Amino acid sequence: MTTTEFLSYLRSLDVKIWADGDRLRYSAPRGTLTPALRAELAERKAEILTFLRKADVAARSVAPPIEPAPRDGALPLSFAQQRLWFLDRLEPDSPLYNIPAALRIEGPLDVMALERSLNEIVRRHEALRTTFTTVDGEATQVVAPALTIPLPVVDLTDLPEAERETKALRL
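Reference entry: report on the structure contained in this document. (Residues numbered from 1 in each chain as written. Predicted model: local features only at pLDDT ≥ 70, side-chain atom pairs only at ≥ 80, totals over all residues. Heavy atoms only, no water.)

## Comments concerning a nonpolar patch on the surface
Together, L84, L96, Y97 and F132 make up a nonpolar patch on the protein surface, roughly 380 Å² of accessible area in all. As for its position among the elements, Y97 is in the loop between helix 4 (79-90) and helix 5 (111-124). (Patch = residues over 30% accessible without salt bridge, like charges linked within 9 Å, V, L, I, M, F, W, Y side chains within 5 Å. Areas by Shrake-Rupley, 256 points an atom, 1.4 Å probe, with all protein chains shown as cover. Salt bridge = Lys/Arg side-chain N within 4 Å of Asp/Glu carboxyl O. Helix = DSSP H or I, 4+ residues; strand = E, 2+ residues; numbered from the N terminus.)

## Considering the nonpolar core
Nonpolar side chains tend to gather and get buried jointly when the protein is soluble and globular. Membership of the largest hydrophobic core is limited to twelve residues, which are F6, L7, L10, V15, I17, L24, L33, L37, L41, I48, L49 and L52. Sorting the residues of this core by element identifies helix 1 (3-12), helix 2 (35-43) and helix 3 (45-60) as the ones contributing at least two each. Other than its neighbours up to four places away in sequence, L41 contacts F6, L10, I17, L24, Y26, L33 and I48. (Core = buried A, V, L, I, M, F, W, Y, C linked by side-chain atoms within 4.5 Å. Buried < 20%, exposed > 50% of the residue type's maximum accessible area, 1.4 Å probe, protein only. Contact = heavy atoms within 4.5 Å.)

## As for the packing of helix 1 against helix 3
To describe two helices that pack against each other, one gives the angle between their axes and the distance between the axes. With their axes 10 Å apart at the nearest point, helix 1 and helix 3 run at an angle of 90° to one another. By the criterion of interaxial angle, the relationship of helix 1 to helix 3 is roughly perpendicular. The segment helix 1 lies against helix 3, with T3, T4, F6 and L7 engaging E47, I48 and F51. (Axes fitted to C-alpha atoms, helices over the stretch in contact; angles between N-to-C directions. Parallel < 35°, antiparallel > 145°, perpendicular 65-115°, else oblique.)

As structure tokens, then:
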């Protein structure tokens, strides 16, 4: 059994193991570490410590930042996107993949903060800025570099309370 397999086995038993200088430390549920497992830990101490040190160095190393892929050419659709595009061609403007939901917010609402929050989510996730187009008969993705979604506000305060609820549910 390799060191990795042995440590995975110990993890499956909920044994936590770490290096503390030249000492091998562990914690385990009562009765988990049998005399045979303790003997194997002692026998493999040097190789486990070496493995843990290498893993620690790898975890601390600075990986280069993830750079976005260029968006200056046609981007092919993923398999899931191809499926959605095909279904839209079969039944254009179908609301089948829309998931309507209503959210009741009670108390004061900072509309501008909500709008900024939603737009920050759109900024961070290019999937929310992606549309499909056809180029030379092939469906491709178009990722908008920026997209601002306005948050429409309908003021119903002038309506009687019973009417407000009905009107709000129809919006």
